[in-house]
Every structure is written in structure tokens, then in C-alpha cells.
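Observations on chain architecture
In case you want the letters, here they are:
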Amino acid sequence: MIITGTQLIVTYIYTNSVAYLLILITTSNRDGFQQHNEQFNDDFGYDAEYMSVSLCFWLLVPFSMPSILCSLFLLIHLLGTRTLRQPINNHSIIVVLILGLIYVSINVSSTTTFYRLNCLVWPQSPTFCSIWLFVDYGVYNAITVLLAWASFERHILVFHQQLVNTHLKKIIFHYIPLYFLLIYMSAFYIIVMFFYPCTNDWNYTSDVCGDYGCYHDNDFLSYWELYLHGTVPVILIAFFNITLLLRVICHKRTVHQPIVWKKYRKMAIQLLSISALYLLVNFPLFFLAMMHLVGLMLNEPASEILMYFTDHVIMFLPFVCLGCLPELWKKLKNIFYVKHWIMTRIGTTQVTPLPIQPRNNF
């Protein structure tokens, strides 16, 4: 009964998502959105010779909807299953999945619509652009900061469990830092995006309406965001995960209890896989940004292409999380099995006609 209910939920989400996608496709000929690619080459900010519009569109479409469905499947089970919801090592993963779902649903969907409409923003309104920019900067950087904290916290959970073995210690070393980072990142971007005294010059022929918040004109806010929300977290993610890997390898040689080692390995691999995916694109992008700051202008097309593939990092996160949670593999397999069983039963069921009863004439 539980599996059937989950299967119905996933089927409902899938059918409504497909319907939404069809609605988007059928609205591609709206008034005012018939433009030529030549205008895009001048306004978008990079040469279409190495990133064509059609290529950008088709590299997003196949992954966005499966990513949303996978995120919903994970969140339904992580939040609905007590044995998965209570372990504190899953809390950061749950928050990252929620933020990733918001990012893909708003940012990636808006970017896909932008490319489908031949490089034009829709709807063309300052409110929509502000929300899009908030998600593009705020949500993405929040995921970066939370992954940096999770990378550090994983050292505590694996090697210093005495720091979280009581309720009070969990509040101090786990819940307070997690909530503080969420509140800080939300407050920072709400203030600079919606209340900072400046006016954004939106460009409806550029991705993310120009992808530049006017608060960046303030050097202090610009460098604060660059270093504390980008540079430092990326360095910390790389450092903490490399040291975690080394500590796990060294610890394996000293711990001769298979059960303890299996627990450590699972907790380490879970975050190492997510961080490796994140650093695959963001670390080269960080390196190019640092070279640009010191005056070395390296490959500009490479920087633009890496910026584009940051969306794919967020879209692939749910699949990596699913791969690190073998507890959910069986549930996913059962969902597809029940669906196959239902479809088989429907296909083999034959309707037997009722016999005709003779009429009694009195």
C-alpha cells in the first residue's frame, strides 16, 4: 500500500510536469518574441561561435525534468522516512536538495525558456528578473557555502562523534551553524537584491536579464560576495574533502572493526561524491577567476562555457545523492516494478460481457 501510494505520487508529478513542459512549448510564438540570432550575438555577452543557442537549449532540456523528479523522490523519502530523516549527516543533504530543487525549477527552467524563445526573457518584468537573479546568485552561493560547512562537519561526524553525542551538543555544533548559514545567506541576498538603494538596468535579451545586480557597483559588497560566498567556500570544500579522504584511508589501517569502518566509509563517500561533482566545474572556474583578478586574461570562452555548465552541476546533484543512498534503491526499484505490474494487468485484463437475461412476459 505504501509503495502504491508513492508510485501514484510520482506518476502524478510526472504527468503534471509533462503537461507544464507542453504548455511552455506551445507558447513559443508569443507577440514580441520573434527575433534573429544576429541580435543575440551582440547582446548576450559571448560569441555564439562556441556556444550556439540550439546547443545550449538541448543540453538543458534532457536533464532538467529528470532532476526535478529525482529531487522530489529523494525529499519525499528523506523527509517521510524516520530512519533517514533523523541522522544528522543527512540534514545538510536535505537542505542542499531543497535549494537545488528551487534552483532547477526557477533558474534552469527560465534559462531553458530564454533559449527556446531565441534568446529573449519571458516574462519581461523587473519582478521576474529580480527573482531570477536572486535564485541565480543567492541559491547557488547558498549551496556553495552549505557544502563547505558540510565538508567540515563531516570530519566531526566521522572522527569526533563525541561532539554530537548529546542533544545539547547537537544544537551547538550542528543545528546552530546550519540555521545561521541559511538565515545569513537568505538575509544577505534579500537585502542586496530587493532593498539596496540602487536601480538595476535589466536587459531582456540577456540570460538572467543581464546577470548583474546593481549592488555589485559597491566594491565592498562585490568583494565580500566574491571571497566569502565564492572563493573561500570553494577552497574549503577542496581542502576539507581532500583531508577527509586522507584521514579515512589512514583510519582504515588502524580500525580493524568492519562494522565501524563501513559506517565511516558510507558517511565519507556520501559527501565526497557530491563535492567532487561540485568541484568538477567550480574549481576550474575559480582558478580562472583568480587569474583574472591578478591580471592574467586566460581563455575567455572556457570561462563562459564553465559558467554555463554550473547549471548542470545542480541538476546532477540529486542523482549523485541517490547513488549514495542505497536504502532508496530498493524503493525506487519497487516503484517501477509496481508500475510495470499495473500496466501488465491492465494490458491482460479482458472485459467479460454480461449474459443477456431473457425478458419475462407476464
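Refer to the structure presented above.
1. What about the state of the cysteines?
Enumeration according to the criterion identifies two disulfides in this entry. Note on cysteine connectivity: cysteine 129 is disulfide-linked to cysteine 209, with sulfurs 2.0 Å apart. Because the torsion about its S-S bond is -70 degrees, the bridge between cysteine 129 and cysteine 209 counts as left-handed. Taken together, the positions of cysteine 129 in helix α7 (residues 126–159) and cysteine 209 in the loop between α8 (167–195) and α9 (219–254) put the pair 80 residues apart, joining distant regions of the chain. As far as the burial class goes, cysteine 129 and cysteine 209 line up, both buried. Residue cysteine 198 pairs covalently with cysteine 214 via a disulfide, S to S 1.8 Å. Residues cysteine 198 and cysteine 214 are joined through a disulfide that is right-handed, its torsion about the S-S bond being 60 degrees. A residue pair is termed long-range when its members are at least 10 positions apart, and cysteine 198 in the loop between α8 and α9 and cysteine 214 in the loop between α8 and α9 qualify at 16 residues. Given a relative accessible area of 28%, cysteine 198 falls into the partly exposed group. On the accessibility criterion, cysteine 214 (7% relative accessible area) is buried.

2. Looking at the side chain of asparagine 241
When you line up the elements, asparagine 241 lands in helix α9. Looking at asparagine 241, the relative accessible area reads 6%, which means it is buried. Here serine 275 takes part through its side chain, which lies 3.1 Å from a polar atom of the side chain of asparagine 241.

3. With respect to the packing of aromatic side chains
One pass over the full model with this rule turns up 19 aromatic pairs. Between phenylalanine 134 and phenylalanine 194, the aromatic rings sit 5.9 Å apart at their centres with planes inclined by 45 degrees, giving tilted as the arrangement. Note that phenylalanine 134 is positioned in helix α7 and phenylalanine 194 in helix α8, a separation of 60 residues in sequence. A relative accessible area of 40% means that phenylalanine 194 is categorised as partly exposed. Here the aromatic rings of tyrosine 184 and phenylalanine 188 are separated by 6.2 Å at their centres, their planes lie at 40 degrees, and the arrangement is tilted. Note that tyrosine 184 and phenylalanine 188 are positioned in helix α8 at a spacing of four residues, about one turn of the helix. By relative accessible area, which is 11% here, phenylalanine 188 ends up buried.

4. A word on the environment of isoleucine 143
One can find isoleucine 143 in helix α7. Once the C-alpha coordinates of isoleucine 143 and serine 92 are considered, the two residues, 51 residues apart in sequence, prove to be 9.7 Å apart.

5. Here we look at helix α6 (residues 91–116)
The end-to-end C-alpha separation of α6 is 36 Å, in line with the 38 Å expected for 26 residues at 1.5 Å each. Most pronounced at valine 104, the bend in α6 amounts to some 30 degrees. Most of α6 is tucked away: 22 of the 26 residues are buried. Directly beyond the C-terminal end of α6, a positive phi value near 60 degrees is found at asparagine 118.

6. Brief notes about the packing of helix α4 (residues 61–80) against helix α12 (residues 310–323)
Remark: α4 packs on α12, axes separated minimally by 9 Å, with the N-to-C direction vectors making an angle of 40 degrees. Taken together, α4 and α12 sit at an angle that is classed as oblique. Here α4 and α12 pass one another in a crossing that is left-handed. Residues Phe63, Ser64, Pro66, Ser67, Cys70, Ser71, Phe73 and Leu74 of α4 lie in contact with α12, whose contacting residues are His312, Ile314, Met315, Phe316, Pro318, Phe319, Cys321 and Leu322. Residues that form the contact of α4 with α12 fall into these classes: 12 nonpolar, four polar and no charged.

Rules and cut-offs
Residues numbered from 1 in each chain as written. Predicted model: local features only at pLDDT ≥ 70, side-chain atom pairs only at ≥ 80, totals over all residues. Heavy atoms only, no water. Disulfide = S-S within 2.5 Å. Helix = DSSP H or I, 4+ residues; strand = E, 2+ residues; numbered from the N terminus. Buried < 20%, exposed > 50% of the residue type's maximum accessible area, 1.4 Å probe, protein only. Polar contact = N/O pair within 3.5 Å; in protein donor to acceptor, adjacent residues only side chain to side chain. Phe/Tyr/Trp six-rings, centres within 6.5 Å; stacked < 30°, edge-to-face > 60°. Expected span 1.5 Å × (residues − 1). Bend = angle between axes of the 7 residues up to and from the residue. Axes fitted to C-alpha atoms, helices over the stretch in contact; angles between N-to-C directions. Parallel < 35°, antiparallel > 145°, perpendicular 65-115°, else oblique. Left-handed = near helix turned anticlockwise from the far one by under 90°. Contact = heavy atoms within 4.5 Å. Nonpolar A, V, L, I, M, F, W, Y, C, P; charged D, E, K, R; others polar.

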